[in-house]
Amino acid sequence: MASVSLRHMYKKYPGGVTAVSDFCLEIKDKEFLILVGPSGCGKSTTLRMIAGLEEITEGELFIGDKLVNDVAPKDRDIAMVFQNYALYPHMTVYENMAFGLKLRKVTKEEIKRRVEEAARILDIAHLLDRRPKALSGGQKQRVALGRAIVREPKVFLLDEPLSNLDAKLRAAMRTELTKLHQRLGTTFIYVTHDQVEAMTMASRIVVMKDGLIQQVDTPQNLYDVPVNLFVAGFIGTPQMNFIEGTIDKKGSDLYFTFGSNSLKLPPEKSNESDLQEYAGKQVIGGIRPESIHDEPMYLSQFSEWVIDSKVEVTELMGNEIFLYLLTEEQPLVARVSPRSSARAEDTIKIALDISRIHIFDKDTEKCIVH
């Protein structure tokens, strides 16, 4: 097995386009690391540089202790699973999985052992005689994974492998991939634009934007302590609510003010020296949908943070309701109990749990206080 080290890596294309800038990351042995970000952020380019399918413009790439910048893809001891599966249509599942091993002159007995073992792990042993056209999307994905597994590589690279599957199958395959990683005990580097995939599978997540790393952390830390506005908005469904307002100082207390609402910040936030410096300045407040409540018990508990709001749309999700609200011309989304009686066009009282608010610098977009 192997760790992967990316040291000040750049990818520059002719014409001055820089796809990846100063990418520095230490990926631990046996880690499940996920690169996530919007389309065009450089995550697939980074993966392709690790695979050797894209040349590294600057910087160094180590797999284990070996510098591999100039090593051919086939000699890097990695296996890649693509978004489109890339199966050979004229070959059976067995032949697809065995093909790479035949090229490496592995013995027939060893090929048979590895293919059958991978097929057992992936529950596709009954499909070995079929051709790709006779397989469902999920089965094709398993064959593509099987072809990678038989290589017994040090590192698995997966480029949006679930994006062609329907929602139900994608959820099932997320669980399968997590189990597979635990069983194989190999380093997984996975690219996706779907933050739900990232949050549910990764041991660590790299959030990227415009070719730059924004934050590297565990899923929970990314959710709880985002470093900037982009990470806060990208991680979480529905996304965090952002409210433009000001920090006002009254005596020794700080208030977050927007429109006619002035909400007193709790002492643990008011006492932050970084936030004290923003008194009288414009900021952006961030609050997650689950920290906005309409139930009487919360209206009582957070009575000093209760405001009026108009309900525009309600979405019943079964075990919860999303309320799309308008407060002082400010759109908000609340995730509330399915017992909520709020209906479209109602004017209701909502409580913002200000102990959970994040405050961001309006200019730099960096988080001042969590």
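In case you missed it, the structure is sitting above this.
Here is a short report on the structure shown in this document.

Rules used in this analysis
- Residues numbered from 1 in each chain as written.
- Predicted model: local features only at pLDDT ≥ 70, side-chain atom pairs only at ≥ 80, totals over all residues.
- Heavy atoms only, no water.
- Helix = DSSP H or I, 4+ residues; strand = E, 2+ residues; numbered from the N terminus.
- Buried < 20%, exposed > 50% of the residue type's maximum accessible area, 1.4 Å probe, protein only.
- Contact = heavy atoms within 4.5 Å.
- Areas by Shrake-Rupley, 256 points an atom, 1.4 Å probe, with all protein chains shown as cover.
- Lys, Arg positive; Asp, Glu negative; His and termini not counted.
- Charge placed at Lys NZ, Arg CZ, Asp CG, Glu CD.
- Pairing = 2+ DSSP bridges.
- Axes fitted to C-alpha atoms, helices over the stretch in contact; angles between N-to-C directions.
- Salt bridge = Lys/Arg side-chain N within 4 Å of Asp/Glu carboxyl O.
- Right-handed = clockwise from strand over helix to strand, strands pointing away.
- Phe/Tyr/Trp six-rings, centres within 6.5 Å; stacked < 30°, edge-to-face > 60°.
- Expected span 1.5 Å × (residues − 1).
- Disulfide = S-S within 2.5 Å.
- Core = buried A, V, L, I, M, F, W, Y, C linked by side-chain atoms within 4.5 Å.

The next thing to look at is the overall build of the chain. A count of helices and strands for the chain gives 11 helices and 21 strands. Sorting the 370 residues of the chain into buried and exposed places 50% on the buried side. Sequence-distant contacts in the chain: of pairs separated by 6 or more residues, those separated by 24 or more amount to 66%. With an accessible surface of roughly 17,500 Å², the chain has 48% of that area assigned to carbon and sulfur atoms. In the chain, which carries 47 positive and 52 negative side-chain charges, the distance between the mean positions of the two groups comes to 9 Å.

Before going further, it helps to spend a moment on the sheet that holds strand S4 (residues 58-63). Judged by pairing direction, the sheet is antiparallel, and its four strands sit side by side in the order S2-S1-S4-S5 without closing on themselves. Every other strand in the sheet has two partners, leaving strand S2 (17-27) and strand S5 (66-67) as the edge strands with one partner each. Bridging between S4 and S5 involves two bridges; their strand directions are antiparallel. Bridge pairing in S5 places Phe 62 opposite Leu 67. Sheet strands in contact with helix H1 (residues 43-51) are strand S1 (4-13), S2 and S4, and its direction is about 115° off that of S1.

Let us look at the pattern of salt bridges. Opposite charge on two side chains lets them pair, provided their charged atoms get close. In this structure the tally under the stated criterion is 19 salt bridges. Among the salt bridges present, the one from Glu 54 reaches Arg 48, with a minimum N-O distance of 3.8 Å. The salt bridge partner of Glu 320 is Arg 335, with a shortest N-O separation of 3.1 Å. Highlighted residues: Glu 320 in the loop between strand S16 (306-316) and strand S17 (321-327) and Arg 335 in strand S18 (residues 330-336), separated in sequence by 15 residues. For Glu 320, a relative accessible area of 19% translates into the label buried. Within the structure, one salt-bridge network assembled from shared partners comprises Glu 110, Arg 113, Arg 114 and Glu 152.

Regarding helix H2 (residues 93-103), the residues found buried are Val 93, Asn 96, Met 97, Ala 98 and Leu 101. Packed against the buried residues of H2 are helix H3 (108-122) and helix H4 (137-149).

This part takes up unusual backbone geometry. Cis geometry is found at the peptide bond from Thr 237 to Pro 238, where omega equals -10°. Position of Pro 238 relative to the elements: it lies in the loop between helix H8 (229-234) and strand S11 (241-250). A positive phi angle is found at Lys 30, which is not glycine, with a value near 70°. As for its position among the elements, Lys 30 is in the loop between S2 and strand S3 (32-36).

Bringing the pairing of strand S7 (residues 155-159) into the picture now. Residues in a regular strand point their side chains to alternate faces of the sheet. Of all five residues that make up S7, five are buried, and the element is covered over most of its length. The pairing of strand S6 (residues 78-81) with S7 spans four bridges and is parallel. Along S7, the bridge assignment pairs Met 80 with Leu 157. With five bridges connecting them, S7 and strand S8 (residues 187-192) associate as parallel partners. For Phe 156, the partnering residue across the bridge sits in S8 and is Phe 188. Regarding the hand of the β-α-β motif, the stretch spanning S7, helix H5 (residues 167-184) and S8 is right-handed.

Turning our attention to the packing of aromatic side chains. Counting across every chain of the model gives nine aromatic pairs. A ring pair is formed by Phe 256 and Phe 258, whose centres lie 5.8 Å apart and whose planes are at 35°; its orientation type is tilted. Accessibility expressed as a relative area gives 1% for Phe 256, which makes it buried. Between Phe 302 and Trp 305 the ring centres are 5.8 Å apart and the planes differ by 25°, which places this aromatic pair in the stacked class. In this structure, Phe 302 and Trp 305 share a single accessibility class: buried. Three or more aromatic residues joined by ring pairs make a cluster, and in this case those are Phe 32, Phe 156, Phe 188 and Tyr 190.

Here the focus is H4. In this model H4 runs 18 Å from its N-terminal to its C-terminal C-alpha over 13 residues, within 8% of the 18 Å that 1.5 Å per residue would give. With 10 of 13 residues buried, H4 lies mostly within the body of the structure. For H4, the complete set of buried residues consists of Gly 138, Gln 141, Arg 142, Val 143, Ala 144, Leu 145, Gly 146, Arg 147, Ala 148 and Ile 149. Those residues of H4 hidden inside the fold are in contact with S6, H2, H3, S7 and H5.

Turning next to the state of the cysteines. Evaluation of the coordinates by the stated rule reveals zero disulfides. Sulfur of Cys 24: no disulfide; nearest cysteine sulfur belongs to Cys 41 and is 17 Å away. Taking relative accessible area as the criterion, Cys 24 reaches 33% and is therefore assigned partly exposed.

We now examine the nonpolar core. Of all hydrophobic cores here, the largest spans 47 residues; its most connected members are Met 97, Leu 145, Leu 158, Leu 177, Leu 180, Tyr 190 and Val 207. Looking at this core, the element that brings in the most residues is H3, giving six residues.

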